[in-house]
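Spelled out, the chains give:
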Amino acid sequence: MTAPLLVGDQMTGGYGHTTILNGCSIALAQGEIAVIVGPNGAGKSTAMKALFGMLTLRSGSVHFEGEDITSLSPEERVSCGMAFVPQTQNIFTTMSVEENLEMGAYRRREGLGETMSQIFSLFPVLKEKRSQKAGELSGGQRQQVAVGRALMTRPKLLMLDEPTAGVSPIVMDELFDRIIEVARSGISILMVEQNARQALMIADKAYVLVQGANRYTDTGQALLADPEVRKTFLGG
Amino acid sequence: EDIKLGILFGFTGPLESITPPMARSAEMAIKEVSDSGALLDGSTVTPVRADSTCGDAAAATAAAQRLVTADHVNAIIGADCSGASAAVLQAVARPNGIVMVSPSATSPALSTAPDDGLFFRTAPSDARQGVVMADVLMKAGLKSVAVSYSNSDYGKGLDEAFEPAFKAAGGTITISAPHEDGKADYSADVGALASAGGDALVVIGYVDQGGKGIIQAATDSGAFSKFILSDGMYGNSLIKAIGAPLEGSIGIIPGAEGEGHTKFLTMAKAAGVDGTSSYTGESYDAAALIMLAMEAAKSSKSADFKGKIMQVANGPGEKILPGELAKGLKLLSEGKPIDYEGATAVKLIGPGEASGSYRIYTIKGGTQVTDYYE
Amino acid sequence: MTRLNRPLIYFAVIGLLYLSIGILQSWMLALTVLNDALIAAVMALGVNMMWGYAGLFNIGISGFFALGGLAVVLVSNSANLEAWNAGTPRILLSLLCGGAFVFGGVAAYRKLPSAWLRVVVILLLTGLGWATFEYVYTPAVEAVEAVNPASAGNIGGMGLPVPLAWFVGAGFAAFAAWVVAKIALGLRSDYLAIATLGIGQIIISVMKNEIWLDRGVKDVYDLHRWPVPKEVNLQNADWFIAAAHSMGIDVRTASALFVGICFALISATVLVFLLTLAETSLNSPWGRMMRAIRDNEVAAEAMGKDVKKRHLQIFVLGSAVVGIGGALYAVFHGIFSPHSYDDPLRYTFLIWAMVILGGSGNNFGSTLGALVVMLIWIQAESLGPALMHLITAHLSDGPLKSQLINSAVQIRLPLVGIVLIAVLRFSPRGLLPERSRN
Amino acid sequence: MEILNAAVALLNYVIIPATSYAAQLSLGALGVTLVYGILRFSNFAHGDTMAFGTAITILFTWLLQSFGMTAGPLPTALIALPIGIAATSALLLLTDRAVYRFHRKTKAPPVRLVIVSMGVMFVMNGLTRFIIGVKERNFADGDRFIINAAQFRHLTGLHEGLAIRSTTAITVVVAIVVVGLLFWFLNNTWTGKAMRAFSDNEDLSLLSGVNPEYVVKVTWLIVAALATIAGVLYGLDKAFKPFTYFQMLLPIFAASVVGGLGNPLGAIGGGIVIAFSEVSLTYAWRKVFSYLLPEQFLPHGIAQLVSIDYKYAISFIILVVVLLFKPTGLFSGRSL
Amino acid sequence: MIVVEDIRKHFGAFHAVDGASFKIATGSITGLIGPNGAGKTTLFNVVAGHLKPTSGRVIMDGEDITGLSPHELFHKGLLRTFQLAHEFGSMSVRENLMMVPSGQIGESLWSTWTRRREIAANEHALAEKADKVLDFLTISHLAQEKASDISGGQKKLLELGRTMMVDAKVVFLDEVGAGVNRTLLNTIGDAIVRLNKTRGYTFCVIEHDMDFIARLCDPVIVMAEGKVLAQGPADHIMDNEAVIEAYLGTGLKNAKGARQ
Ligand SMILES: Nc1ncnc2c1ncn2[C@@H]1O[C@H](COP(=O)(O)OP(=O)(O)OP(=O)(O)O)[C@@H](O)[C@H]1O
Ligand SMILES: Nc1ncnc2c1ncn2[C@@H]1O[C@H](COP(=O)(O)OP(=O)(O)OP(=O)(O)O)[C@@H](O)[C@H]1O
Ligand SMILES: [Mg+2]
Ligand SMILES: [Mg+2]
């Protein structure tokens, strides 16, 4: 396996005085799909935020392509080739679907049409609703817009916080398929998932996070096979 | 002795633009007296400014409170607005027995407010000016006019005096509409005034407030070509701002049939004060009256000299003009009576208000040319 | 600083500041500032109830404030029988007519089935109503206003004791607020704000122009202030002179202090009373419900809370408290001057500054804010120029120096502004932030 | 002929003044609406920003005039305008850096920003007065009229006159051009879209690589330009006085709210509604009728719908009525 | 029994709900599924009073409840949760629960001044009840936390918790499961069943997790494009061609082959 693309090493941090992350480490290589699972409030979203620079670490570091990016701001990380879809509030509600997607390409600005039509073929409903305000979409449609926007950045690393929350099974399958395709094209994927079984099925690497620390780390298949993990974290 | 006089004007707030020249006029009188050394055997007089804000009774009262109880002033020149004057009179002046002489509070209601003989004003009485104004219009052959008055105690009061007098004299008022001061736009007002029509537009207001806005909007749209200006509308800034369209307009301003006003203007000019700005003469006179009364009473205590103010203002005795304060003081110290004329032909009536004569002027060639006195 | 003693420390500091005015300048001044601050604190409490509890952005405060003042005029001023006879019943009749037509219009709007019919009927009603109203109203008003215009021109009051005016003032403001709420409470944040601002201006506009009601721009002076005696009367009362002498204070000062303290006691009593009520309810399920509504109206509605009704309730109550402030103010200064109330800067924004600076959602915060802001507001007037004199002491006389000194009076607003900005910078939720209750 | 006279009277006293006032309000409202739309708060300091920009422009106008520089028939102030805009930009950027940025970073609720802007308003209020004093200033030069009433009467032989001021024409043209530009800018440029994205969801715009400081800067620059232009054009038309500029804040806010906050078209629409309702409802229609109706049908009074006393009340009543039916303004503005 | 009669909800030209009719039997746990944008949430919003329908009626136990406001429906025993969590951010998690029961004495302003002792007693009971609910949801450690500061999934739990604070008749759950850990979701499923059995709650559940739906719901209603596409027992539905095509799909295509 190639050298790791992203490494979050021994990250510790939290909001205000509370500590949410307790020496959590995440790493993945180029073209890999890594999945983080864990109970609610385990700190999964917080770990994602920490990796993306939206939370200042008290200790630990984040490296991207071998460079220390611990002190970079989120928008600088975007320039480095990272993209992120947050768990909530992940679309521009007052802008049209099309503009939402365009904003994904804000840094890039060329080849817009091409990427956009790719995304439309992935999520056909978005093409229908391209000029509607994103705030008027249904919950699952919003989720599609959010992922679409991140894909528009053509990142090296795509970070998704529960991309399939609230999307219908058929779209979820499509989404996972698409994620595999994306990964095949060399883009690494790091995602948090509660639809863990599907996610682990496609994961090269999986982390189970509990109380801000790594509990299990293995390949997706291995964790899926572990009865202990299945019972406690994957709902049997 | 070091005598202190409080100057309580609205340095901030709606009237902030006319107060600085007023304060400086009052200070001019104070300096004149202080420099002369003629008051109470060489006493000096220092002015102490305070901000009445005009609109905020709380701030006005507190400012007056400070003047009286912390700075220990002997009397107050002010306040400028009627509301602030009334509040200060009741809350500060009366409890502490301090004389107040307001140069610009014109509300008729102040005449009847209980004042223990402490409150005076050199501002013209609205009641009298209204009558004079009606008369002037009749003389000029203007029988039908539109009226725009400032929606304030001054404008409303003067309007209430003017309208009956004018109607009684046979005039018609096509429309009488208030205007708010300090607003952004007066085209609606002028639209209404213009379509009601009339031989002239009577503007009762302040020269750098709504009154000017009305005239500007009226001349811009060509609604009226002749204006009748109340005393608050007197000032060079208006002529400068409006220019030619104002030619031929008639104004009225309290003023002696003598050189008092001219003299004040020259003095003001020398001191770098705009003497044509509203209520500057009255402010000078207010300060002068207080100090003259002190000399007449041989005391700087309000309780002692409050009774002398009417006396020095109304005479009989030698006439004292602006710039002659030293002479007046000297006469008084010799026990001789004086009749202070001042910049505005001071004559106090009834409960201590001005009722001077009026100067009627026409604007010709960009200046106010005196027509006659009344 | 722990949560408990932080308020204490702040109040102690501000208390010391007031004391220092008394020592350095004069006790009378300190009392005057304190009195105005207490009155402002009542208003700030009202604003805090609307904003801090329920998130209602009302910036029409000056209107409700003025209504409180109006109550004082109408309740405690002596009656003007001549004016009354000249046309007051007719005016009241006209108002009834007007009201009836408005009700008719609203009923028509609600009940009529078709849009066309509505428009026609409402237009008809408006036209007819306006004509009737004018026909009954105008001559009566002219008659009343003609009665002794210089010193009256209005219908006068009912000659009742002043404290009654507090309740009536609260009632007036509450009624106006009720009407406003019926119209505008559906609006969101800034839209509500501007609508209330407008309504405040309309209220003041009416008071400025309806001379028959309150003398309009001509102001009403010398309002009654029972039970507080007048200084002049005290100065002539033998018992008081004796008392003053026995304490070694000069009678004038003593009378002024006595009156000031009386007012302070009254305002403080009213304030403490209202504060107690407000705190009790805020710390109860009612307060919790209000905060829930403030946080998320949709969810509160889904949890069975009648959001509209609660908004109406708090809007009316908050406005009523502002009305009480207005009544106190009019009585303390002895003057009702709608013309000068037409200044949202002083009577609305400044009050808001107090609430936010003190910490919105915290009743004690508003009181603290009022004490602080009023102190600055008043003291800037003398401190500004004094400071400027110090600064420019070494400058030679000239236009620059005189410009600086002349502009120094303008320091009042900037100073309040700077303090406000600074407080929000270092304690963004105000000096005494809303407490989290668990 | 009579009909023409009536039309001219209507034009001269209702339509032209109202249009002029509407354009002035709209320009001011545009600034308010932009801050609301992008930075998400009602900026109470806008009136005083206008005053500041105008004050600086006036100072430079005087300087230019003292060098003998004028702009021919146009007001000299137009040459000084860029300097005014530059100074205002600097001031606003400074304020943003010193005051607003902190609250933006800490995700303050909009109302805190509103109150902070009140603080800024208080400070700017004093600043302008320190710079130029409290007096009224007239700084208009050049030709005041494109055509004035007397000329018009002479030219057409009509009884009624018609006056069009140069400032009116300039203001109207500028207002239209500015709205057009703003629309184009916000909807079609990357910066414009970034601004809208920022206003919609700050965190997410960050994730798209938008530099928030850049967006904020651009916004303030545009606001500075709008405020200065609005202030100067108004000052040229009427006169400059700090106090009046503060007072203008209320109608400006009314206009932007009636139109719908955050929507540039709304600023224009709102300005028109406020100005026209104010002027036409208080207009004494008798004059127009007198040209159209035979003598015996003329109304007795002056045919005024509402007396001038309630001029200000009217614009607010219109405001409330509009909001009653369209709770976020005529053009469906934003609400936070 | 709740009867939804030909409900339509149009947003401009767009017909989000386009003539949906079905019944929810008392005591049932009815599932409502359908592709994204099918109009499920919109329908919920109409039934729960948050939106006025363009046409159609909702009848609950024989009474027409169309157009009643949410708080009125709450009092009739109809509760709902939100797809996007609507917490009361500035209040603690416990307070979020304690505010729910209606008709608390302390909610009348007058009583807060006059009946303080009773209120205190009530509060005590309420707090205990809230703690039980929190315990059940496994988030009792968050009781004192500000609700705005808890994780996305925890907010969803809080949503559910609110419906457990009162005796509801009918509860509409809009994707309680989205973003909730599957183990916990199972527990929630158990709870729903228990509430249904012991307290007689009627549930109407929107959910995209088919395991959850299959385990809990009978019948299941499938919506698509604003209309009812199919309804019946879960296993029937899962075999329905139309449903598979519109909603369920046939599972991951690439996962098996390509990845390893
Ligand atoms: N306010 C609105 N204005 C316009 N269209 C709207 C509005 N609200 C919803 N819609 C549209 O109505 C359709 C149905 O939305 P709804 O939220 O009911 O879907 P849903 O079935 O709940 O989907 P999901 O499972 O993704 O939550 C969507 O296509 C959405 O775009
Ligand atoms: N803005 C915040 N301020 C304070 N505490 C927070 C904040 N956001 C989250 N937390 C706390 O941090 C902990 C972890 O939150 P996080 O959002 O990372 O959980 P998560 O693993 O993503 O859970 P979920 O699966 O429910 O989304 C939670 O206990 C939560 O209470
Ligand atoms: Mg999460
Ligand atoms: Mg939904």
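Residues numbered from 1 in each chain as written. Chains lettered and ligands numbered in written order. Predicted model: local features only at pLDDT ≥ 70, side-chain atom pairs only at ≥ 80, totals over all residues. Heavy atoms only, no water.

## Things to note about the pairing of strand β2 (residues 44–51) of chain B
All names here are of chain B.
Here is step 1: As defined by bridge partners, strand β1 (residues 2–9) adjoins β2 across eight bridges and the pair is classed as parallel. Its bridge partner being in β2, leucine 5 is matched across the sheet by proline 47.
Here is step 2: The parallel pair β1 and β2 is bridged by helix α1 (residues 19–36), and the resulting crossover is right-handed. (Pairing = 2+ DSSP bridges. Helix = DSSP H or I, 4+ residues; strand = E, 2+ residues; numbered from the N terminus. Right-handed = clockwise from strand over helix to strand, strands pointing away.)

## Quick word on the coordination of the magnesium ion (ligand 4)
All names here are of chain E.
Here is step 1: With distances of 1.9 to 2.1 Å, the protein atoms coordinating the magnesium ion (ligand 4) are Thr41 (OG1) and Gln83 (OE1). Here threonine 41 is found in helix α1 (residues 40–47), whereas its partner glutamine 83 is found in the loop between β6 (78–80) and α3 (93–98), with 42 residues between them in sequence.
Here is step 2: By relative accessible area, which is 26% here, threonine 41 ends up partly exposed.
Here is step 3: Assessed through its relative accessible area of 14%, glutamine 83 is described here as buried. (Donors = N, O, S within 2.8 Å, 3.2 Å for Na, K, Ca; no water. Buried < 20%, exposed > 50% of the residue type's maximum accessible area, 1.4 Å probe, protein only.)

## Quick look at helix α19 (residues 412–426) of chain C
Here is step 1: Relative to the 21 Å expected for 15 residues at 1.5 Å per residue, α19 of chain C spans 21 Å between its end C-alpha atoms, a close match to the ideal helical length.
Here is step 2: Within α19 of chain C, the full set of buried residues consists of Arg412, Leu413, Pro414, Val416, Gly417, Leu420, Ile421, Val423 and Leu424 of chain C.
Here is step 3: On its buried side, α19 of chain C packs onto β2 and α2 (57–70) of chain B, α16 (344–358) and α17 (363–391) of chain C together with α3 (77–105) and α4 (110–132) of chain D. (Expected span 1.5 Å × (residues − 1). Contact = heavy atoms within 4.5 Å.)

## Structural notes on the site of ligand 1
Here is step 1: In the neighbourhood of ligand 1, 21 residues make up the surrounding shell, with Glu136 and Gly140 of chain A together with Lys40, Thr41 and Thr42 of chain E lying closest.
Here is step 2: More than one chain approaches ligand 1, the contributing ones being chains A and E.
Here is step 3: Between ligand 1 and the protein, one listed contact pairs an oxygen atom with a side-chain N or O atom of asparagine 36 of chain E at 2.7 Å.
Here is step 4: One nitrogen or oxygen atom from the side chain of histidine 208 of chain E is found 2.9 Å from an oxygen atom belonging to ligand 1.
Here is step 5: Coverage of ligand 1 by the protein chains reaches 88% of its 640 Å² of free accessible surface.
Here is step 6: Those elements that place two or more of their residues in the shell around ligand 1 are α6 (139–152) of chain A together with β2 (14–24) and α1 of chain E.
Here is step 7: Looking at the shell around ligand 1, its residues break down into five nonpolar, 12 polar and four charged. (Near = heavy atom within 4 Å. Polar contact = N/O pair within 3.5 Å; in protein donor to acceptor, adjacent residues only side chain to side chain. Areas by Shrake-Rupley, 256 points an atom, 1.4 Å probe, with all protein chains shown as cover. Nonpolar A, V, L, I, M, F, W, Y, C, P; charged D, E, K, R; others polar.)

## Considering the side chain of threonine 42 of chain E
Residue and element names in this part refer to chain E.
Here is step 1: Here threonine 42 lies in helix α1.
Here is step 2: Residue classification places threonine 42 among the buried residues on the basis of a relative accessible area of 14%.
Here is step 3: Contacts of threonine 42, omitting those with residues within four sequence positions, involve Lys9, Phe11, Ala16, Val17 and Leu51.

## Regarding the domain arrangement of chain C
Accessible area lost upon the coming together of the parts serves often as the stated size of an interface.
Residue and element names in this part refer to chain C.
Here is step 1: As assigned here, chain C comprises domain 1 (5–79 + 156–426) and domain 2 (80–155).
Here is step 2: Look at where the C-alpha atoms of domain 1 and domain 2 centre, and you get two points 33 Å apart.
Here is step 3: Taken together, the contact between domain 1 and domain 2 spans 11 residues of the former and 15 residues of the latter.
Here is step 4: Approximately 1000 Å² of surface area, both sides summed, lies buried where domain 1 meets domain 2, with 53% of it carried by carbon and sulfur atoms.
Here is step 5: Among the residues domain 1 hides against domain 2, the three largest losses belong to Gly156, Trp212 and Arg215. Together they make up 62% of the total.
Here is step 6: Across the domain 1-domain 2 interface, the total number found is zero salt bridges.
Here is step 7: On the surface where domain 1 and domain 2 come into contact, there are eight residue pairs in polar contact (both at pLDDT 80 or more). (Domains from an automatic or database assignment. Buried area = accessible area lost by both parts, 1.4 Å probe. Salt bridge = Lys/Arg side-chain N within 4 Å of Asp/Glu carboxyl O.)

## Brief notes about the interface of chain C and chain D
Here is step 1: In this complex, chain C contributes 45 residues to the contact, which on the side of chain D involves 48 residues.
Here is step 2: When chain C packs against chain D, the two sides together hide about 4000 Å² of surface, and 76% of this comes from carbon and sulfur.
Here is step 3: The interface formed by chain C and chain D holds zero salt bridges in total.
Here is step 4: Where chain C touches chain D, the interface holds five residue pairs in polar contact (both at pLDDT 80 or more).
Here is step 5: Looking at the side of chain C that touches chain D, the elements that each hand over two or more residues are α7 (189–209), α16, α18 (399–407) and α19 of chain C.
Here is step 6: Of all the elements, α7 of chain C adds the most residues to the side of chain C that touches chain D, at 13 residues.
Here is step 7: Here the side of chain C that touches chain D is composed, by residue class, of 31 nonpolar, nine polar and five charged.

## Description of the packing of aromatic side chains
Residues and elements named next belong to chain C.
Here is step 1: As enumerated under the stated definition, the model contains 39 aromatic pairs over all chains in all.
Here is step 2: Their ring planes at 80° and their centres at 6.4 Å tell us that tyrosine 137 and tryptophan 212 sit as a pair that is edge-to-face. Residue tyrosine 137 is found in helix α5 (residues 115–146), and its partner tryptophan 212 is found in helix α8 (residues 211–214); the two are separated by 75 residues along the sequence.
Here is step 3: Take tryptophan 212: its relative accessible area is 6%, and that puts it in the buried class.
Here is step 4: Here a set of aromatic residues connected by ring pairs shows up, and it is made of Phe65, Tyr329, Phe336, Tyr341 and Tyr347. (Phe/Tyr/Trp six-rings, centres within 6.5 Å; stacked < 30°, edge-to-face > 60°.)

## Quick notes on the coordination of the magnesium ion (ligand 3)
Here is step 1: Taken together, Ser45 of chain A (OG) and Gln87 of chain A (OE1) make up the protein donors of the magnesium ion (ligand 3), found 1.9 to 2.1 Å from the metal. Of this pair, serine 45 of chain A sits in helix α1 (residues 44–52) while glutamine 87 of chain A sits in the loop between β6 (82–85) and α3 (97–104); the two residues are 42 residues apart in sequence, bridging distant segments of the chain.

## Details of the sheet that holds strand β8 (residues 202–206) of chain E
Backbone-to-backbone hydrogen bonds pair the strands of a sheet. The strands run either parallel or antiparallel.
Residues and elements named next belong to chain E.
Here is step 1: In spatial order, the strands read β6-β7-β8-β3-β9-β10; together these six strands make up an open sheet with mixed pairing. Each edge of the sheet is formed by a strand with only one pairing partner; in this case those strands are β6 and β10 (227–232). Here the average twist between neighbouring strands, direction ignored, is 20°. (Axes fitted to C-alpha atoms, helices over the stretch in contact; angles between N-to-C directions.)

## A closer look at the pairing of strand β7 (residues 170–174) of chain E
All names here are of chain E.
Here is step 1: With five of five residues buried, β7 lies mostly within the body of the structure.
Here is step 2: Burial along β7 is two-sided: Val170, Phe172 and Asp174 and Val171 and Leu173, pointing in opposite directions, are all buried.
Here is step 3: Pairing of β6 with β7, which is carried by three bridges, proceeds in the parallel orientation. Across the sheet, leucine 79 pairs through a bridge with valine 171, a residue of β7.
Here is step 4: As paired strands, β7 and β8 are joined by five bridges and run parallel to one another. Bridge pairing links valine 170 to threonine 202 in β8.
Here is step 5: The β-α-β motif built from β7, the intervening helix α7 (residues 182–199) and the parallel element β8 has right-handed crossover chirality.

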